[in-house]
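Structural features, examined
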Amino acid sequence: MDVRLTAELQPRNNTGPLVEMPVEGGLCKPGGAKVALVDVDGLLLNLNLTGPYSAGENPVDLFREKLDAAAADPAVCAVVLRLNSPGGAVTATDVMWRELQSFRARTHRPVVACVMDLGCGGAYYLATASDLIVAHPTAITGGIGVVLNLYNLEDFLGTFNVKTQFIKAGPNADLGSMTAPLPPEARLLLQTMADELRDRFRDVVVRQRPDVDPAGGTTFDGRVFTARQALARRLVDRVGYLEDALEAARELAGPPGA
């Protein structure tokens, strides 16, 4: 028996308003204090995600919307940021970092970051904007570095007798082209840019985490760490579970029964 199936992936964008979902202890008592749990998952990019496993919504816009909802609710006394992300684009993560700093400044409510499976690169950058960082015992975090992925497909294209014909105005207009080797002067230009962005990342970590040794060479070489290794380097404050992060948020905010 021959069967032909056709599958069509429907867009998963949700244009409706955010809806509060109780996740612990049921509904809050009227007028009672509560802790907002804000999830940040997947790649942090300033665009709508597509594909069968994508939530569809712009991570930057969605993060801002969640913070605004928490800020507008007078019952929310603290926020726990549940992170599970390998990082993302430099600008997207920097915008989210600034949004979180702005939330803390205007609401004066504590924020605790809880790193789950992954909190690397831009996700760790975002975590530094919180008051406290808790890492799950099996979490991988760190990754204080910048990656610029470039490829040289010249030989591959030559296999199919495909030749490029560039018309450009400016010697560096095709900087990082995939159809030719990277000249030394172009490599130097891109390396300088990557170093500048990495230095900005390092400066943010040192400023937000004053106990981190700024001279710790291996801390800032882009490698990732286990939770215990990150704690030893003072990149995180505690090793624990989500419940520990929630309890820390209650301690910082005041109401023990939130």
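Our subject in this report is the structure included herewith. Counting restarts for each chain: residues are numbered from 1 in the order of the written sequence. Note on the predicted model: pLDDT of at least 70 is required for a residue's local features to be given, and 80 or more for side-chain atom pairs to be given and counted; whole-chain, interface and lining totals, by contrast, use all residues. Values reported for side chains reflect all heavy atoms of the structure, with hydrogen atoms and water molecules removed beforehand.

Within the secondary structure layout, Thr107 lies in helix α2 (residues 90–107). There is a polar contact of 2.6 Å between the side chain of Thr107 and the backbone oxygen of Phe103. Counting from the N terminus, the helices are the DSSP runs of H or I reaching at least four residues and the strands are the DSSP runs of E reaching at least two. As used in this structure description, the phrase polar contact means that two N or O atoms lie within 3.5 Å; if the pair is within protein, one of them must be able to donate a hydrogen and the other to accept it, and residues adjacent in sequence are counted only when both atoms belong to side chains.

Right, let's get into the packing of α2 against helix α5 (residues 184–208). Two elements in contact, α2 and α5, have axes separated by 12 Å at closest approach and are oriented at 25°. Taken together, the axes of α2 and α5 are roughly parallel relative to one another. As α2 packs across α5, the resulting crossing turns out to be left-handed. When α2 is examined against α5, the residues Val90, Asp94, Trp97, Gln101 and Arg104 are found in contact with a partner set consisting of Leu197, Arg200, Val204, Arg207 and Gln208. In this classification, the charged set is Asp, Glu, Lys and Arg, the nonpolar set is Ala, Val, Leu, Ile, Met, Phe, Trp, Tyr, Cys and Pro, and all remaining amino acids, among them Gly, are polar. Classifying every residue of the contact of α2 with α5 by side-chain character gives 4 nonpolar, 2 polar and 4 charged. Working convention: axes come from line fits to C-alpha atoms, limited for helices to the stretch in contact. Angles between N-to-C directions cover 0 to 180 degrees. Oblique is the label for any angle not covered by the other classes, which are roughly parallel (under 35 degrees), roughly antiparallel (over 145) and roughly perpendicular (65 to 115). Should the near helix be turned anticlockwise from the far one by less than a right angle, the crossing is left-handed, and should it be turned clockwise, the crossing is right-handed. Note on contacts: a residue pair is in contact if any heavy atoms of the two residues lie within 4.5 Å.

Following both chains from N to C, one finds helix α1 (residues 59–72) and α2 inclined at 5°, their axes separated by 10 Å at the closest point. It follows from the interaxial angle that α1 and α2 lie roughly parallel. Contact residues: Pro59, Val60, Phe63, Arg64, Leu67, Asp68, Ala70 and Ala71 in α1; Ala92, Val95, Met96, Glu99, Leu100, Phe103, Arg106 and Thr107 in α2.

Where a strand is regular, its side chains alternate between the two sheet faces. Each residue is assigned to one of three classes by its accessible area relative to the maximum for its type, calculated with a 1.4 Å probe on protein chains only: buried under 20%, partly exposed between the two thresholds, exposed over 50%. Where burial is concerned, the two faces of strand β4 (residues 132–135) agree: the one with Leu132 and Val134 and the one with Ile133 and Ala135 are both buried. Sheet topology note: the strand β3 (residues 111–120)/β4 ladder contains 4 bridges and is parallel. Bridge pairing links Val115 to Ala135 in β4. For the handedness criterion, the β-α-β arrangement of β3, helix α3 (residues 122–127) and β4 is classed as right-handed. As judged from the 2 bridges shared by β4 and strand β7 (residues 238–239), these two strands associate in the parallel manner. Bridge pairing links Ala135 to Val239 in β7. For two strands to be treated as a pair, DSSP must find no fewer than two bridges joining them. The handedness of a crossover follows from its direction of travel: if, with the strands pointing away from the viewer, the path from the first strand over the helix to the second runs clockwise, the crossover is right-handed.

Everything listed is a geometric property; what it means functionally is a separate question.
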